[in-house]
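Structure at a glance
As a plain string of letters, each chain reads:
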Amino acid sequence: MPQVAILKKGTPMELPFSAAADRNKEPILVVLKKVLRPEDRNLLEVGAGTGQHAVYLAPFFPKMEWTPTEVDDNLPMLRERIKQSGIPNIKTPFRMVVGEDDFPIRTFDVILTINTFHIMSWKECKTFIKLIAGRLEEGGKVLIYGPFNYNGKFTTPSNEEFDKSLREKDPQSGIRNFEDVLAAMFKNGFEFVKDYEMPANNRMLLFRRLKFVRKK
């Protein structure tokens, strides 16, 4: 993550720019336009990063309340980008550390997370799935963007190299297996809807919350 510089008092914060977020924003929009319903009114974006996705995507869905989250270190620049954008349907970002913080005590129509599963540990990924299971109404959607392995194999040599670089920085990170994500989602009350092919060897996995069944 680029360093964020604070300029003279009264001047805007110098904001980092993610070339990857800029490249994939339009393909992500194409998917969102296909899957979001007119009645969807609130979206939680977990791990909003630089905020470029929120600022680009939210105006296309003006009736939806878009709530971004981030870890402590990234919150100041994320809040500043949202503030500078002046986009009315993006809410003030708040801290969300998977494994430490609970999700907001409310229900969401959509939960979106972009390029987070390969950064989090697998334990954190499973915690994320367990937490969102209690924050979506029946029919609510989960969209997970990023690279995935299939049948335990990398889809491209570049993904294998990327996974190696991730694990060198943090042995707990790495590209996740599609089948593992699928099993964890099934276990927590979701059905698989579609696997969208995305740019740069990424995917967008779409899941839907099944009806809540109370255990006796």
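Just so it is clear, the model here is predicted, and its values are computed rather than measured.

Moving on, we come to the nonpolar core. Ile28, Leu32, Trp66, Leu143 and Met204 are the most contacted members of the largest nonpolar core, which has 28 residues in total. Ranked by the residues each element gives to this core, the list is headed by helix H1 (residues 19–35), at five residues. Excluding residues within four positions of it along the chain, Met204 makes contact with Ile28, Val31, Leu112, Leu143, Ile144, Tyr145, Lys194, Asp195, Tyr196 and Met198. The next biggest cluster of nonpolar side chains, apart from the first, holds 26 residues, and it includes Leu44, Phe103, Phe148 and Phe190.

As a further point, take the sheet that holds strand S2 (residues 65–70). Here seven strands make up an open sheet; going across it, the order is S3-S2-S1-S4-S5-S9-S8 and the pairing mixed. Pairing within the sheet leaves two strands with one partner each, and these edge strands are strand S3 (94–95) and strand S8 (190–198). Alignment of S8 against strand S9 (residues 202–209), held across eight bridges, turns out to be antiparallel. Bridge pairing links Asp195 to Leu205 in S9.

Although it is not a glycine, Asn151 sits at a positive phi angle of roughly 55°. Position of Asn151 relative to the elements: it lies in the loop between strand S6 (148–149) and helix H5 (157–169). With phi around 65°, Asn201 is a residue other than glycine that occupies positive phi space. With respect to the helices and strands, the residue Asn201 is situated in the loop between S8 and S9.

Attention now moves to the environment of Gln172. Positionally, Gln172 belongs in the loop between H5 and strand S7 (176–177). Setting aside its immediate chain neighbours within four residues, Gln172 contacts Met120, Ser121 and Trp122.

Taken together, Lys123, Lys126, Lys130 and Lys187 make up a surface patch of like positive charges. Broken down by element, the positive patch gets its largest block of residues, three residues, from helix H4 (residues 122–133). Position of Lys123 among the secondary structure elements: in helix H4.

With that out of the way, let us pick up the pattern of salt bridges. In this structure the tally under the stated criterion is eleven salt bridges. Across the pair Lys141 and Asp40 runs a salt bridge, and its minimum N-O distance is 3.1 Å. With Lys141 in strand S5 (residues 136–146) and Asp40 in the loop between H1 and strand S1 (42–46), this pair connects stretches of sequence that are 101 residues apart. Looking at Asp40, the relative accessible area reads 3%, which means it is buried. One network of salt bridges, in which partners are shared, links Arg37, Glu39, Asp40 and Lys141.

Extensive coverage of strand S4 (residues 108–114) is indicated by the burial of seven of its seven residues. For S1 and S4, the ladder comprises four bridges, and the chain directions are parallel. Within the sheet, the bridge partner assigned to Val46 lies in S4 and is Thr113. Two elements, S4 and S5, share six bridges in a ladder whose sense is parallel. Within S5, the position partnered with Thr113 by the bridge is Ile144. Considered for its hand, the β-α-β crossover made up of S4, H4 and S5 is right-handed.

Cut-offs applied
- Residues numbered from 1 in each chain as written.
- Predicted model: local features only at pLDDT ≥ 70, side-chain atom pairs only at ≥ 80, totals over all residues.
- Heavy atoms only, no water.
- Core = buried A, V, L, I, M, F, W, Y, C linked by side-chain atoms within 4.5 Å.
- Buried < 20%, exposed > 50% of the residue type's maximum accessible area, 1.4 Å probe, protein only.
- Helix = DSSP H or I, 4+ residues; strand = E, 2+ residues; numbered from the N terminus.
- Contact = heavy atoms within 4.5 Å.
- Pairing = 2+ DSSP bridges.
- Patch = residues over 30% accessible without salt bridge, like charges linked within 9 Å, V, L, I, M, F, W, Y side chains within 5 Å.
- Areas by Shrake-Rupley, 256 points an atom, 1.4 Å probe, with all protein chains shown as cover.
- Salt bridge = Lys/Arg side-chain N within 4 Å of Asp/Glu carboxyl O.
- Lys, Arg positive; Asp, Glu negative; His and termini not counted.
- Charge placed at Lys NZ, Arg CZ, Asp CG, Glu CD.
- Right-handed = clockwise from strand over helix to strand, strands pointing away.

Shape descriptors only; they carry no functional weight alone.
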